[in-house]
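Topology and contacts: notes
Take a look at the letters that make up each chain.
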Amino acid sequence: MTKSEFKKLMERSRNYAIKMQETTALLRREIEETFPDVELCEVDTNSFNAENLEQAIECYIQYGEYDIDSLWNELKNADNLQ
């Protein structure tokens, strides 16, 4: 690897990290607008490495843990309890 290749990959990685932050913030806003009465940090989850739905969503985004359908079902179930 050359310095130029290193720099290019570092900049690309940083840009992806920024994009992830932006899309994660968009996701949070959409969840808050769609489910205004649901506090993600207060919703239990069946995710292995998370204590609540907020953490489970982060685990999926960052590590691919758990699955989208289960996250959605937990979110919908929490909304139905309100």
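For the structure itself, consult the block above.
On a predicted model such as this, the values are computed, not experimentally measured, just so you know.

1. Brief notes about the overall build of the chain
- The helix and strand tally for the chain stands at three helices and zero strands.
- Each helix and strand of the chain, placed in order from N terminus to C terminus, yields the pattern α-α-α.
- Since a compact globule built from 82 residues should have a radius of gyration of about 12 Å, the 16 Å found for the chain marks it as more spread out than a globular shape.
- Evaluated residue by residue, the chain yields a buried proportion of 22% over its 82 residues.
- If you take every contact in the chain between residues at least 6 apart in sequence, the share linking residues at least 24 apart comes to 40%.
- As displayed, the chain has an accessible area near 6500 Å², and 50% of this comes from carbon and sulfur atoms.
- Positive and negative side-chain charges in the chain, numbering 9 and 18 respectively, have mean positions lying 18 Å apart.

2. So, the environment of E54
- Mapped onto the fold, E54 is located in helix α2 (residues 53–63).
- Relative accessible area serves as the criterion here: at 31%, E54 is assigned to the partly exposed category.
- As for E54 and V38, which are separated by 16 residues in sequence, their C-alpha atoms are 11 Å apart.
- Apart from residues lying up to four places away in sequence, E54 is in contact with R28, L40 and C41.

3. As for empty space enclosed by the protein
- By the definition in use, this model includes one cavity of 30 Å³ or more.
- The space that makes up the largest cavity amounts to roughly 30 Å³.
- What lines the largest cavity is simply L27, R28, I31, L40, E54 and I57.
- Sorting the residues of the lining of the largest cavity by element identifies α1 (3–34) and α2 as the ones contributing at least two each.
- The element best represented in the lining of the largest cavity is α1, accounting for three residues.

4. Points about the layout of surface pockets
- Counted as a void, the largest pocket has a volume near 250 Å³.
- Those elements giving two or more residues to the lining of the largest pocket turn out to be α1, α2 and α3 (68–80).
- The calculated volume of the second largest pocket comes to roughly 160 Å³.
- What lines the second largest pocket is simply R28, I31, E32, F35, P36, V38, E39, L40, C41 and E54.
- The biggest single contributor to the lining of the second largest pocket is α1, with three residues.
- Considering only residue class, the lining of the second largest pocket consists of six nonpolar, no polar and four charged.

5. So, the packing of α1 against α2
- The geometry of α1 relative to α2 is characterised by a closest axis approach of 12 Å and an angle of 145 degrees between their N-to-C directions. When you trace α1 past α2, the crossing you get is right-handed. Residues M20, T24, L27, R28 and I31 of α1 lie in contact with α2, whose contacting residues are E54, I57, E58 and I61.
- Considered class by class, the residues forming the contact of α1 with α2 number five nonpolar, one polar and three charged.

Cut-offs used in this document
- Residues numbered from 1 in each chain as written.
- Predicted model: local features only at pLDDT ≥ 70, side-chain atom pairs only at ≥ 80, totals over all residues.
- Heavy atoms only, no water.
- Helix = DSSP H or I, 4+ residues; strand = E, 2+ residues; numbered from the N terminus.
- Rg over C-alpha atoms; globule rule 2.2 N^0.38 Å.
- Buried < 20%, exposed > 50% of the residue type's maximum accessible area, 1.4 Å probe, protein only.
- Contact = heavy atoms within 4.5 Å.
- Areas by Shrake-Rupley, 256 points an atom, 1.4 Å probe, with all protein chains shown as cover.
- Lys, Arg positive; Asp, Glu negative; His and termini not counted.
- Charge placed at Lys NZ, Arg CZ, Asp CG, Glu CD.
- 1 Å grid on protein atoms, 1.4 Å probe; cavity = no way out; pocket = protein on both sides within 12 Å on 5 of 7 lines; lining within 4 Å.
- Points joined across faces, edges and corners; volume = space filled by probe spheres on them.
- Nonpolar A, V, L, I, M, F, W, Y, C, P; charged D, E, K, R; others polar.
- Axes fitted to C-alpha atoms, helices over the stretch in contact; angles between N-to-C directions.
- Left-handed = near helix turned anticlockwise from the far one by under 90°.

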